[in-house]
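Okay, here's what each chain looks like letter by letter:
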Amino acid sequence: MTSKEATLLDYSEEGLALLSQLSNAPLEGFATHAVDASINEFMKDAKNEVEKGHLYLLWHLINVEEVLEDVAENAIIDGAYDCGIDAYLVDISERRIRLFQSKFGEAHSIGAIDKFVNDVERFKKLEQSKIRRDELQYLWKHLHEKNMKIELVYVTDQNIDNYESDEVKIVGREQIYQILWERIKKPAKGQKSSLRLKKYIEHDNARVCIVSAFDFADFVERNEHYVFESNIRKHLGGKGSINKGITKTLEENPHNLFEWNNGITITADECKGEEEVSMEGAQIVNGAQTSKSILDRKKKTNNLDAEVLVTIIKTKDEEHQRNITKYRNSQNAIKGKDYVSLEDYHIAVHHMLGRIGYFYEHQQGSWLNLLSSEKAKFNGDEIYNKYLPDKKEKYRIKDDTAIASMVSYFEQKPNDVYGGISKYLPKGAKYETVFDEELECDYRYFLYPHLIREYAKNELGYDRSNTHDRYKKYAQNLFVAVTARIIHKNIIGKNDDFKNDIFELEKIIQNVGLFTKILKVSDKVVTQYLKDSKVEEKIDDANTAHNFFSNQVYGKDMLKVIDSKIRQEEEEIDYIKKTISSL
């Protein structure tokens, strides 16, 4: 039996290797002490079975479907005249709609699954004019678009066995354990690979090697499904984007790659052989972008006359491997992605935030699976903690939410984020528009918008518990964007690129009394904006709040309304400016 605090790292290397070879089943203890604990914590304030059902579906959308909390909240439509559909997610870029039916506790039955399928079929056949709810009319319209893939998902907290259907995906408790386990288990354990070396020197457990770029590309291609260290988080793995500098070198000066490039670091559980080294559990922990660039070039030309520096470090120690990853990715002044990959950038942010007491969760499930003693090491910063709620997970910063806040604040695109954060995650269509070669790796770009978002949620009513202000629970990204607009355009007034004001922003945020005044001004502006007749008219025209917030909330006409509301707070803003100038 495992102890109460058992996690993946408590199990023997032999056990993990055997597991990866023979079984994909979650280890004992993972379900009870990680997943169930997370669900129970999320649902602890539910007062009845209806609230439990709502919160369980919300937890599922956030943690299993991986959408932002405010998007998940807006996706839930359970209630009168819902046509048997409890929630839906529309992804226009992927031409995909997911429809959800959720049954909590005793409400679940096999018959309920069949009924869900039939309800959806009936809904599709309805006349649009006879559908009573606006958001369902919006859904009906999308369901009838050409080339739109429709997925049915039945969610329950109960265990479901021996039910198979081609029409609906069943996600019971066991399926959730399996899905989350697959995201966090070490993908390389037990995997065997080989790499041909041209030359190498050996020191202790490390080999410093000269490798043909063609041979290295072949190694990556054969083992791409597991070899990248950040492969745990699905949107941090895969092909990613190609660094322009490395690609240019491979195209124009391939013989200089060895001298111009920092090289690649691999850790492996086992490493044997001379001219051709055999490895077990190989992971590229630094240089993923170089690796992918080399592979991409090989696929395009099948002729790659270059050499690359590869360091192979033999270690079975998980802590040692994490330290290798940490120190090989944590340069003091990282700029752009010339020498750091998409994965490396977020690993560096993880370690920067870790130094000041926050856990940046760039790998799905990594916080969930920490020991309580490990979580207790994260205490945050005395000043910054004043913007955070007094909650169990206040020191955890999820990467997708942090990126959403960053894009809303510094890029001023809250509507884009509301329409779907995936486009701004690594491998997303708009990732490089934000994470370009000029972007410095600075934790403050993530932390400060996150603090603003959390304060708005927990102190100003921008969350699901607000039943008085109809749209505030959907307006977290809007609040973050408006706060930036007030600070950088109306208070600091220096730069069009708000990131250039980061030192001034830091000074303001560290004065808690002053900054909370700014946040309260932002709240007045957003509240009055959402009550404005022009805005209400736009929401009515858009049919749903989702449509408005993802398309029009920060458009040209709406910005005029926002700026008019900011001008109404001019006296308070002038007072704040004078206070700042005296700091």
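Quick notes on the rules
Residues numbered from 1 in each chain as written. Predicted model: local features only at pLDDT ≥ 70, side-chain atom pairs only at ≥ 80, totals over all residues. Heavy atoms only, no water. Pairing = 2+ DSSP bridges. Helix = DSSP H or I, 4+ residues; strand = E, 2+ residues; numbered from the N terminus. Axes fitted to C-alpha atoms, helices over the stretch in contact; angles between N-to-C directions. Contact = heavy atoms within 4.5 Å. Expected span 1.5 Å × (residues − 1). Core = buried A, V, L, I, M, F, W, Y, C linked by side-chain atoms within 4.5 Å. Buried < 20%, exposed > 50% of the residue type's maximum accessible area, 1.4 Å probe, protein only. Salt bridge = Lys/Arg side-chain N within 4 Å of Asp/Glu carboxyl O.

(A) Structural context of the sheet that holds strand β12 (residues 307–314). The sheet built from five strands is open, its strands ordered β6-β7-β12-β8-β11 with mixed pairing. Of all the strands in the sheet, just β6 (199–203) and β11 (283–286) have a single pairing partner and so form its edges. Averaged over all adjacent pairs, the angle separating strand axes in this sheet is 25°, with direction ignored. Across the face of the sheet, helix α8 (residues 213–223) comes into contact with β7 (206–212), β8 (264–268), β11 and β12 while running at roughly 110° to β7.

(B) Focus on helix α19 (residues 476–492). Between its terminal C-alpha atoms α19 stretches 23 Å, which fits the 24 Å expected from 17 residues at 1.5 Å a residue. One or two residues past the end of α19 sits Gly-493, with phi positive at roughly 65°.

(C) The arrangement of the nonpolar core in detail. Ranked by size, the top nonpolar core spans 118 residues in total, and within it Leu-61, Phe-446, Leu-478, Tyr-529 and Phe-549 carry the most contacts. Discounting chain neighbours no more than four positions away, the residues touching Phe-446 are Tyr-345, His-346, Val-349, Tyr-360, Ala-402, Ile-403, Met-406 and Phe-435. Ranked by size, the runner-up nonpolar core spans 31 residues in total, among them Cys-209, Ala-217, Val-220 and Ala-268.

(D) Quick look at the pattern of salt bridges. Tallied over the entire structure, the rule returns 35 salt bridges. Put simply, Glu-145 and Arg-95 hold a salt bridge, and the shortest N to O gap is 3.6 Å. Placement of the pair is Glu-145 in the loop between α6 (134–143) and β3 (149–156) and Arg-95 in the loop between β1 (87–91) and β2 (96–103), with a sequence separation of 50 residues. Under the relative-accessibility criterion, Arg-95 is labelled partly exposed at 29%. Between Arg-133 and Glu-135 there is a salt bridge, with its nearest N and O atoms 2.9 Å apart. Salt bridges sharing common partners tie together Glu-69, Glu-454 and Lys-457.

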